[in-house]
Protein chains: 2
Amino acid sequence: MQKFDSSMMDFEERVEIDDFESEVMERIYSKPLLIKRVNTTSQIAIVGANVCPVESLDYEVPENELVNEDWRSRRTVQIFQYILLKWAFALIIGLSTGLVGIFNNIAVENIAGFKLLLTTELMLKHKYYKAFAAYAGCNLGLATSAAALCAFIAPAAAGSGIPEVKAYLNGVDAYSILAPSTLFVKVNVIGIIFGSIFGVAAGFVVGKEGPMVHTGSCIASLIGQGGSRKYHLTWRWLRYFKNDRDRRDLITCGAAAGVAAAFRAPVGGVLFALEEAASWWRSALLWRTFFTTAVVAIVLRGFIQLCSTGTCGLFGQGGLIMYDISAAKVVYSTPDILAVILLGVIGGILGSLYNYLVDKVLRTYSIINERGAAVKILLVIMISLLTSICSYGLPWLATCIPCPADASTSCPNTDVSGNYKSFQCPPGHYNDLASLFLNTNDDAIRNLLSTNTVKEFHISSLFIFFVAVYCLGIITYGIAIPSGLFIPVILAGSCYGRLVGRLFEPISKLDVGLFSLLGAASFLGGTMRMTVSLCVILLELTNDLLMLPLVMLVLLISKTMGDMFNKGVYDQIVKLKGLPYMEAHPEPYMKHLIARDVVTGPLITFSGVEKVGNILLALKNTGHNGFPVIDEPPFSDAPELCGLVLRSQLLVLLKGKAFSKDRALAGNKVLRKISELDFAKAGSGKGLKLEDLDIQEEEWDMYVDLHPIANTSPYTVVETMSLAKAAVLFRELGLRHMCVVPKSQGRPPIVGILTRHDFQPEHILGLYPHVRFQQ
Amino acid sequence: MQKFDSSMMDFEERVEIDDFESEVMERIYSKPLLIKRVNTTSQIAIVGANVCPVESLDYEVPENELVNEDWRSRRTVQIFQYILLKWAFALIIGLSTGLVGIFNNIAVENIAGFKLLLTTELMLKHKYYKAFAAYAGCNLGLATSAAALCAFIAPAAAGSGIPEVKAYLNGVDAYSILAPSTLFVKVNVIGIIFGSIFGVAAGFVVGKEGPMVHTGSCIASLIGQGGSRKYHLTWRWLRYFKNDRDRRDLITCGAAAGVAAAFRAPVGGVLFALEEAASWWRSALLWRTFFTTAVVAIVLRGFIQLCSTGTCGLFGQGGLIMYDISAAKVVYSTPDILAVILLGVIGGILGSLYNYLVDKVLRTYSIINERGAAVKILLVIMISLLTSICSYGLPWLATCIPCPADASTSCPNTDVSGNYKSFQCPPGHYNDLASLFLNTNDDAIRNLLSTNTVKEFHISSLFIFFVAVYCLGIITYGIAIPSGLFIPVILAGSCYGRLVGRLFEPISKLDVGLFSLLGAASFLGGTMRMTVSLCVILLELTNDLLMLPLVMLVLLISKTMGDMFNKGVYDQIVKLKGLPYMEAHPEPYMKHLIARDVVTGPLITFSGVEKVGNILLALKNTGHNGFPVIDEPPFSDAPELCGLVLRSQLLVLLKGKAFSKDRALAGNKVLRKISELDFAKAGSGKGLKLEDLDIQEEEWDMYVDLHPIANTSPYTVVETMSLAKAAVLFRELGLRHMCVVPKSQGRPPIVGILTRHDFQPEHILGLYPHVRFQQ
């Protein structure tokens, strides 16, 4: 008995390798072939600067004999267990994401607090150079740790993570991100959590919400793996969750929990998952997501109450609301609204410029980062030094301001956070720029949003801080640390808003703190291009419902302005990474093409009862993941489409070895050998591979019945269906394969198979360059 | 030249009338036939107690030569105009709904205020019988006016309106509701607005939010009609909006605007439209809905600011937040959470009991209401008297309570609203039940939600009020007045919550006002079964973000409890009205059937070039709205499916008279005679009817080419596709007709057509009663 090996094969009829179905299969290819295929379809996924193959996900519910048999055999109690488990998983995701969020917060506040306390102490002793050395040294150490984590251990932890989650929920698995081997995800989660903590504490202009979303999704993915077989921590019926559809639902919950934990915004989290992350949505999912974020909210509230007693070190001053501005009186009239409209317009433009620059920088960085781990770390070190120089150097430009008499907190402030940093100033004075730069990002935002403190920051200081943060934010995203985009945008935006508020002071009655909130809204609208979810997140962040009409107005204006110039920042990154994302709407030119037009390459089909050898050959020599099964006489009167089998299903069937000597239906024989549960999808690293099969030479000429596993209800379109409508069908139902059937009779029962790659503009415009300009 | 008339026809081959496609067509049937058809398919729509036929809506984008030609001829400027107009419409919907909301509020507060002032004045003079006469008389007058409006002028204005809007957005036009003749809608809008004002002012336990949603949708529908041709207030390109798809989008915006205006909850409005009202959703729509509700919020805020100066009569005390409870300190620990969980469980059960009783009462009322307008009004009068007796009589059961020393408002209060009504009590005392009963519903809720006033209401008073309001709410819904369900549920729920709060006083630190909010949440969760939207609406109503975790918890518990017993109240009413609603998920037994199983009756198809006479016959003798077009030799090698034509398209084509003597393709001839714009869908009352055609006898034998109007890309399923997957396709893509094609070759190219009626459980279980019990 020999292992299956390609060298032992010598067949006349070798199926030619084609790129008809351009999905890339894992590992069974030799390396050069992989790269060739990837190149021909221009599907290069840049994940943490590594080129990775992408795989499509199966969100369709298969219907075949096995599944039906399986449903019949399920008892009510099992179905009840399944439902209960769904909710239990949501609970676990909520709990763990909430705990990670709290841990993250406590760690950042304590590490950054220690660093800032040290610096302040040295400053008070007028040891300015030592203070800088301590400050920059701490930053450098933290930054290098974060970079090392990302460069050596968890390369997928770098970046925001939201684009990858978005792509996953659209049906694209960017391989190393969410559903690989369990170990990999675990390493990844740890990489993200600690990388994010070190990165944020190192004073980078990065946020923790992108990594939190990523963490939440990874936790959900881990839970979806269903325990560990190694430690016998698994149940048989847990395997019901081992499919892409249930995993997608869990990851949606995880993404929502991430936002909820990062911003303490549970409703905002649900809406973020709905508006930005998810591509498909069901009302049942809305409810489950809501439950998950409710759990997060309860965990957070509990810990914050606990921490307010001082048990969490330097963390614990804030309440449940991160930036409470409800103290401000909201009064506005016509001139204020005009000012706000202007703020929205310019904010939208600056936001879309931010997207443009991030895109440019990211392209440069991805080239630099390709050169290896050392170069990655060097880049992080350089950016860290630059950030330290800015943070420590720029405050020297500011003049000392006398403390106001009515200051609510002590002034000057030697605390970790707080408004009035003394820096180099004499007693009774404070340095306003230092209060912004020498703080954590959260505290800086809190200071910028503070109300009833009009004169606290000088206009020139605000301007310097705005320019510095805007630029630092752009050049920081893309280096090898986990980096969220929300906080940099909110930071720059709220500074911009406060600046505008100061400029409009003579004609506007609105508090500058509220202007600051509106500025943040305009930047978020201009970069992220969300509406309802941003609105709710901002409300939950600031606890000021009375500002709602103005926030809505600003978001609408800035999103409109931004949409004139480019796409939202996450869509841009998804595109940059080369992930084959299915857009919600078909492109206008697709109306002028029909489904048949984009079907390419030869089609490989199987008979209802097929020779084992033929199947092995096809699996070996093509990268296809779906094969149509055609019933031919004597099993039917004329050739007709019986269904669709997946590569993964074929592997399981071959492994089960339900072969027969003659070409006949297997009947119940197959059902006795394998059950639906054997088809549970494992993490990518663990699934059955062609090399695992153990087919003996005499078995090559035997037959195997594909009927029990064939999905007998694949979605089909007629070849003359317009491509636009086919794309709508494909996207709305979350398909992986769509069968194209002939229109006229007397032809083979299937024309081809469409996959998501066939709907990509690059593919279509490569075939028909002229259609681009048709309406 | 004679009008088309059935009497002049005498054909051998009369197509037998079937109920294969069980959609009911407007008016072309003789009355008995209509009723027969309606009965056979058990599709009786009870709309304001009138049996109405229902019509499906076309949400699919057609693709045929005419549309393509039309797109080619559209210039960029036209497309820009179209987009601009979309937003202008959203603006108009927002503005007008906001204005209606304000008008409604001002009218109710002034009318009810006058009534209450009059009663209080008489009470102060100890003229108790006169006071009752005045109170009950005012109520009766207002109630009768509202009932007369609904009974005689606008029968569709009765009830909540939300179920009808929900059904419309699912693709069912319940005929007299949203898209009938313009005049009808106008009358309806006025009926709803004034009916709602009178009804609410009459002291009924009804709300204004259902009617507001209905109003918003009707306004949107009116705007979608695109001006008035009679007064030349229309543009040619406005007709681009005359299709079901664009109208659906407008009505979604209208529904969101209605909630936003009723509760001053713009984000809640968007989420309501998303979670409860709409069946299909696109991110573009999210954005437009958000814009609409932002406009509503701005209009409301402007007027409320204006009214706070006292220019709106008795309206103007409240701020933008309706029930502000942010003054309460939110502190809770484990015993509170246990109390809250118990509150949620019982609240959920009471909520689902509410649904059950409403359903029972509604069934009784619909029988009563069928007897004519007089009986309808009589029923309203009886309920009004009962309400008056309860409101005036029950406060006598309460004992007078001495005024608290630290009362924030004057006590006893002779104002319109306010907490401490003196009623029959001596000076320095107040009657707590009167403060609840002798107030508008809004003020009663405000009193119940008031914080830091633990002892204000006696436990027995709360109990009496709760029982009275719970029962009155149930028996009031279904009488012939516009009546929302939100306010009765919130009223009963907040009273229940306060009662629970009082009972748990010894062990709980949570304010009774906050308990009251949670009680309202539990009732809403138990009846409406929404999650995120209710949560956001409650937040926007009460401005207390810190309560978010608890509100989420209560909503989750009460929804879970409710779902154990029955469906949400709106789904229940939709079912009761017999509207063929397409559920989001297929029933489990559908997996065991295939598409072919539910196709019934003979299929009527047309040739690509068909005799005019045949088309007229088919239109006359069947109720089908969609006809497959089959290309036959010589136009193709073998019979093949060319596309699908709609009844409305055929009528326009026949009206255009592009006939030819011989069986040949018409080419551009048709395009010169009619354009895509001629197919614009008018309001139902206005569309072309068969009787409007003017076909001469010699034209009966001529041919007409159907190719230019046939939708060449209809969605198809193979006959062996499982019914469950076909249902998913049908629902997700919002189809009206789905073609079933044969699997094997050598058969006619189409097996049948599926419509929404074929997916209804009644239809399927009628055919296959045994599948019900299969998993």
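Before reading on, note that the structure itself is shown above.
Residues numbered from 1 in each chain as written. Chains lettered and ligands numbered in written order. Predicted model: local features only at pLDDT ≥ 70, side-chain atom pairs only at ≥ 80, totals over all residues. Heavy atoms only, no water.

What about the sheet that holds strand β11 (residues 659-660) of chain B?
Residue and element names in this part refer to chain B. What counts here: What makes two strands pair is DSSP finding at least two bridges between them. Secondary structure elements are defined from DSSP: runs of H or I of at least 4 residues count as helices, runs of E of at least 2 residues count as strands, and each element is numbered from the N terminus. In what follows, a contact means two residues having at least one pair of non-hydrogen atoms within 4.5 Å. To define axes, lines are fitted to C-alpha atoms, for helices over the stretch in contact only, and angles between the resulting N-to-C directions are given on a 0 to 180 degree scale.
Spatially, three strands are ordered β8-β12-β11 in an open sheet, and the strand pairing comes out antiparallel. Lying at the two open borders of the sheet, with one neighbouring strand each, are β8 (609-611) and β11. Across three bridges, β8 lies against strand β12 (residues 703-705) in antiparallel orientation. Residue pairing in the sheet places Lys611 in a bridge with Tyr703 of β12. Strand contacts of helix α22 (residues 612-621): β8, β11 and β12, with the helix running at about 75 degrees to β8, the strand carrying the most contacts.

Some words on the packing of helix α11 (residues 334-369) of chain B against helix α20 (residues 569-576) of chain B
Residue and element names in this part refer to chain B. Going by this rule: Oblique is the label for every angle not falling under 35 degrees (roughly parallel), over 145 degrees (roughly antiparallel), or within 65 to 115 degrees (roughly perpendicular). Take the far helix as the reference: if the near one is turned anticlockwise from it by less than a right angle, the crossing is left-handed, and if turned clockwise, right-handed.
In the contact formed by α11 and α20, the axes pass within 10 Å of each other and the chain directions differ by 25 degrees. The orientation of α11 relative to α20 falls into the category roughly parallel. Handedness of the crossing formed by α11 with α20: right-handed. For the pair α11 and α20, the contacting residues are Asn355, Tyr356, Val358, Asp359, Leu362 and Arg363 in the first and Val569, Gln572, Ile573 and Leu576 in the second.

Quick look at the state of the cysteines
Residues and elements named next belong to chain B. So the rule is basically this: Note on terminology: disulfide denotes any pair of cysteine sulfur atoms within 2.5 Å. Burial here depends on accessible area, computed with a 1.4 Å probe over protein chains only, as a share of the maximum for the residue type. Under 20% is buried, over 50% is exposed, and the range in between is partly exposed.
All chains considered together, the criterion is met by four disulfides over all chains. Here Cys307 engages in a disulfide with Cys312; their sulfurs sit 1.9 Å apart. On the S-S bond that ties Cys307 to Cys312, the torsion sits near -80 degrees, and the link is left-handed. Note on Cys307: relative accessible area 1%, which makes it buried. Unpaired in this structure, Cys390 has its nearest cysteine sulfur neighbour in Cys471, at a distance of 8.7 Å. Looking at Cys390, the relative accessible area reads 18%, which means it is buried. Note on Cys471: relative accessible area 43%, which makes it partly exposed.

With respect to the interface of chain B and chain A
We count it as follows: Each reported salt bridge corresponds to a side-chain nitrogen of Lys or Arg within 4 Å of a carboxyl oxygen of Asp or Glu. Distance and chemistry together define a polar contact, namely a pair of N or O atoms within 3.5 Å, with one atom able to donate a hydrogen and the other to accept it when in protein, and with adjacent residues in sequence counting only for side-chain atoms on both sides. Think of it as three bins: nonpolar holds Ala, Val, Leu, Ile, Met, Phe, Trp, Tyr, Cys and Pro, charged holds Asp, Glu, Lys and Arg, and polar takes everything else, Gly as well.
With 72 residues of chain B in contact, the opposing surface of chain A contributes 72 residues. Our count for the contact surface shared by chain B and chain A stands at two salt bridges. Notably, a salt bridge pairs Glu60(B) with Lys725(A), separated by 2.6 Å at the nearest N-O pair. There are 14 residue pairs in polar contact (both at pLDDT 80 or more) connecting chain B and chain A. Residue assignment for the side of chain B that touches chain A shows that the elements contributing at least two residues are α2 (65-73), α9 (266-277), α10 (283-311), α18 (532-542), α19 (548-565), β10 (640-646), β13 (716-718) and α25 (723-732) of chain B. For the side of chain B that touches chain A, the leading source of residues is α10(B), giving ten residues. Partitioned by chemical class, the residues of the side of chain B that touches chain A number 41 nonpolar, 16 polar and 15 charged.

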